[in-house]
Amino acid sequence: MKYVYRLYQLCIAAPIIIVLTILTSVTVAVGTWIGFGHWAGYYPGKWWAWLILKVLLIPVKVTGREHLKPGQSYVFVSNHQGSFDIFLIYGHLCRNFKWMMKQSLRKIPFVGFACEKSHQIFVDKRGASKVKKTYDDARRILSGGISVTVFPEGARTFTGHMGAFRRGAFMLADELQLPVAPLTINGSFDILPRMKGLSFITWHPLSLTIHEPIPPQGQGVENIKRTMDQSYEVIMSGLVPEYRGFVENPDQ
C-alpha cells in the first residue's frame, strides 16, 4: 500500500495541490486588491489547507473547540512537529487568525506571495525597528478582534519532541491582556519529518487538541512566565507518549 500511496501522491495529489496553491494565491491577491481583505485574508487559505488534507486522504480529529468563545481574540500557541501543522491549524481550527511566521517563508513560490497579500505577520529580526514593526502589526490585528497563531519553539522539531518556548507570544498576550490558547498537534511529524525535506509523505492521522485558554492574571514578568510555563505543560500533556519530554532543538 505504501507504493500505491506514493504513486497516488505523484500522479494525482501533487498536480491537484499545485493547481490549488496557484488558485489560492490568485484569489487572495484579487480579493485583497478589490477590497475584500478580511475575507481573502483567511477563507481562501483555510479552504486550501482543508482541501490539501482531503486530497492526501489524511484523516483529522479535532477536540476542544467548545473551549473557545465567539468573538474573543486569542493568542494561539502550538507545538511545531512539521510542515503539516500549517494545514491542520489553518484548515481545522475554524477561527479567523493571522500567522506569525518566519521572514524566510516569503520566498516560497505562490505561498509567500499569498501570505504577504493576506497580511500575515512576518517575524523580521533584521534590526530593532523591524522587530518593533512585527509586534506593532500583531497588536493592530489583535486589537481588531482577530486572533494570532504562533509556534513559540520558533522552528520545527527534529525528533517529534518539543524544544524550548520563546517569550514573544506570551509577552504580546500579556501586553494586550488576552488569553493564551494552547494547541497540541499529533501526527504531523509522522507524516513528514523535517529531516526528509521534499519527499513522499507517509499516511498517518492528524489530531488537533484545543486546550482551555489561560486568562491573564495580573500583568508583567510573572504573568508572562506563568502563561508560558502553563502552556508548555498543557501542550506537552496532550502529546502521544512517544513524543513527550523535552529534547533540545539545535535550530532554536
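We now turn to the structure provided with this report. Owing to the predicted nature of the structure, the values given are computational and were not obtained by experimental measurement.

**Considering the overall build of the chain**
Phase 1: Along the chain, the regular secondary structure elements total 9 helices and 7 strands.
Phase 2: Taken over the C-alpha trace, the chain has a radius of gyration of 18 Å; the compact-globule value for 252 residues is 18 Å, and the two agree within 12%.
Phase 3: Overall, the chain is about 55 × 50 × 40 Å in size when its C-alpha atoms are taken along their principal axes.
Phase 4: Relative to its full complement of 252 residues, the chain shows a buried share of 48%.
Phase 5: In the structure as shown, the chain presents an accessible area of about 12600 Å², 64% of it carried by carbon and sulfur atoms.
Phase 6: Distance between charge centroids for the chain: 8 Å, based on 28 positive and 17 negative side chains.

**Here we look at the sheet that holds strand β3 (residues 97–102)**
Phase 1: Spatially, β1-β7-β6-β2-β5-β3-β4 is the arrangement adopted by the 7 strands of the open sheet, whose pairing is mixed. Because the sheet does not close on itself, it has two edges, and the strands there are β1 (60–63) and β4 (121–123). Strand-to-strand twist of the sheet, defined as the mean angle between neighbouring strand axes without regard to direction, takes the value 20°.
Phase 2: The strands touched by helix α7 (residues 168–176) are β2 (75–78), β3, β5 (147–150) and β6 (180–186); relative to β2, the strand with the most contacts, the crossing angle is about 160°.
Phase 3: Helix α9 (residues 221–237) rests against β2 and β6 of the sheet, and its axis sits at about 30° to β6.

**Describing unusual backbone geometry**
Phase 1: In the Ramachandran plot, C94 falls in the positive-phi region, its phi being about 65° despite a non-glycine side chain.
Phase 2: Relative to the helices and strands, C94 is located in the loop between α4 (84–92) and β3.
Phase 3: Notably, Q177 is not glycine yet its phi reads approximately 55°, a positive angle.
Phase 4: When you line up the elements, Q177 lands in the loop between α7 and β6.

**Focus on the nonpolar core**
Phase 1: If you look at the biggest cluster of nonpolar residues, it comprises 36 residues, and the most contacted ones within it are L56, I58, F84, I89, L93, I201 and L208.
Phase 2: Those elements that provide at least two residues to this core are α1 (2–33), α3 (43–55), α4, β3, β6 and β7 (206–210).
Phase 3: For L56, the contacting residues outside a window of four places in its chain are Y5, Q9, A13, I17, F84, I201 and W203.
Phase 4: With 24 residues, the next largest nonpolar core counts M100, M162, L178 and I224 among its residues.

**Digging into the pairing of β2**
Phase 1: Going residue by residue along β2, you find V75 and V77 tucked away on one face and F76 and S78 tucked away on the opposite face as well.
Phase 2: Strand direction decides the pairing type here: β2 and β5, joined by 3 bridges, are parallel. In the sheet register, V77 faces β5, and the bridge partner there is V150.
Phase 3: In this sheet, β6 lies alongside β2 in parallel orientation, the contact comprising 4 bridges. What sits directly across from V77, in β6, is P182.

Rules of the game
Residues numbered from 1 in each chain as written. Predicted model: local features only at pLDDT ≥ 70, side-chain atom pairs only at ≥ 80, totals over all residues. Heavy atoms only, no water. Helix = DSSP H or I, 4+ residues; strand = E, 2+ residues; numbered from the N terminus. Rg over C-alpha atoms; globule rule 2.2 N^0.38 Å. Buried < 20%, exposed > 50% of the residue type's maximum accessible area, 1.4 Å probe, protein only. Areas by Shrake-Rupley, 256 points an atom, 1.4 Å probe, with all protein chains shown as cover. Lys, Arg positive; Asp, Glu negative; His and termini not counted. Charge placed at Lys NZ, Arg CZ, Asp CG, Glu CD. Pairing = 2+ DSSP bridges. Axes fitted to C-alpha atoms, helices over the stretch in contact; angles between N-to-C directions. Contact = heavy atoms within 4.5 Å. Core = buried A, V, L, I, M, F, W, Y, C linked by side-chain atoms within 4.5 Å.

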